[in-house]
Amino acid sequence: VDGEPVGQIRYEAEAEEKGRTGYIAYSIAAEQRGKGYGTAILRESRNLAWQQLELSLIVGDVLPDNTPSRRAFERAGFAWTEPVPGERYRYTWPV
């Protein structure tokens, strides 16, 4: 916003039996939260990483009490798939 970053995103890609999986982690600056940037950064980076990293699956884990992040993953087209040990929600794309 106005030349300043609103957050950051990271992908780690791993080769697996069914192709390459990209694990995603992101954060939004506290003063920029609640403005839709989480959804936007997930959606835009998803498409870019899919092409550049040649991924077959993108995975993001979210703590249960992080409702805004869970909603951002859902609005960005990710699907909730299963709980993860350690009480995390797992979202994947493509659905």
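Scroll up to find the structure this text is about.
Rules used in this analysis
- Residues numbered from 1 in each chain as written.
- Predicted model: local features only at pLDDT ≥ 70, side-chain atom pairs only at ≥ 80, totals over all residues.
- Heavy atoms only, no water.
- Buried < 20%, exposed > 50% of the residue type's maximum accessible area, 1.4 Å probe, protein only.
- Helix = DSSP H or I, 4+ residues; strand = E, 2+ residues; numbered from the N terminus.
- Arc of directions from axis to C-beta.
- Contact = heavy atoms within 4.5 Å.
- Phe/Tyr/Trp six-rings, centres within 6.5 Å; stacked < 30°, edge-to-face > 60°.

Regarding helix 2 (residues 67-75)
Structural remark: α-helix, 3.6 residues per turn; residues separated by three or four positions point the same way.
Here's step 1: Looking only at helix 2, the buried set comprises Ser69, Arg70, Ala72 and Phe73. Mapping the buried residues of helix 2 onto a view down its axis gives an arc of 160°, with all of them on the same face. More than 90 degrees from the buried face of helix 2, the exposed residues found are Pro68 and Arg75.
Here's step 2: Elements that come into contact with the buried residues of helix 2 comprise strand 2 (19-28), helix 1 (37-52), strand 3 (57-62) and strand 5 (88-93).
Here's step 3: Of the residues one or two after helix 2, Gly77 is the one with positive phi, at around 95°.

Let's talk about the environment of Gly36
Here's step 1: Here Gly36 is to be found in the loop between strand 2 and helix 1.
Here's step 2: C-alpha separation for the pair Gly36 and Arg46, spaced ten residues apart in sequence, amounts to 15 Å.

Here's the deal with the side chain of Thr21
Here's step 1: Within the secondary structure, Thr21 is located in strand 2.
Here's step 2: We classify Thr21 as buried; its relative accessible area is 4%.
Here's step 3: Look past the residues within four positions of Thr21 in its chain and what remains in contact with it is Glu12, Ala13, Glu14, Glu16, Leu55, Leu57 and Val59.

Overview of unusual backbone geometry
What you tend to see is this: most non-glycine residues have negative phi, and most peptide bonds are trans.
Here's step 1: The step from Trp93 to Pro94 runs through a cis peptide bond, and the omega angle for that step is 0°.
Here's step 2: Structurally, Pro94 can be placed in the segment after strand 5.
Here's step 3: A positive phi angle, near 50°, is found at Glu54, a position not held by glycine.
Here's step 4: Among the secondary structure elements, Glu54 is positioned in the loop between helix 1 and strand 3.
Here's step 5: Residue classification places Glu54 among the exposed residues on the basis of a relative accessible area of 63%.

Overview of the packing of aromatic side chains
Here's step 1: Going through the model one piece at a time under the given rule, you end up with five aromatic pairs.
Here's step 2: Between Tyr26 and Phe73, the ring centres sit 5.9 Å apart and the planes meet at 65°, which makes this aromatic pair edge-to-face. Residue Tyr26 is found in strand 2, and its partner Phe73 is found in helix 2; the two are separated by 47 residues along the sequence.
Here's step 3: Judged by relative accessible area, which is 2%, Phe73 ranks as buried.
Here's step 4: Each ring, one from Trp80 and one from Tyr89, has its centre 6.2 Å from the other, and the planes form 55°; the classification is tilted.

Just distances and angles here, no functional claims.
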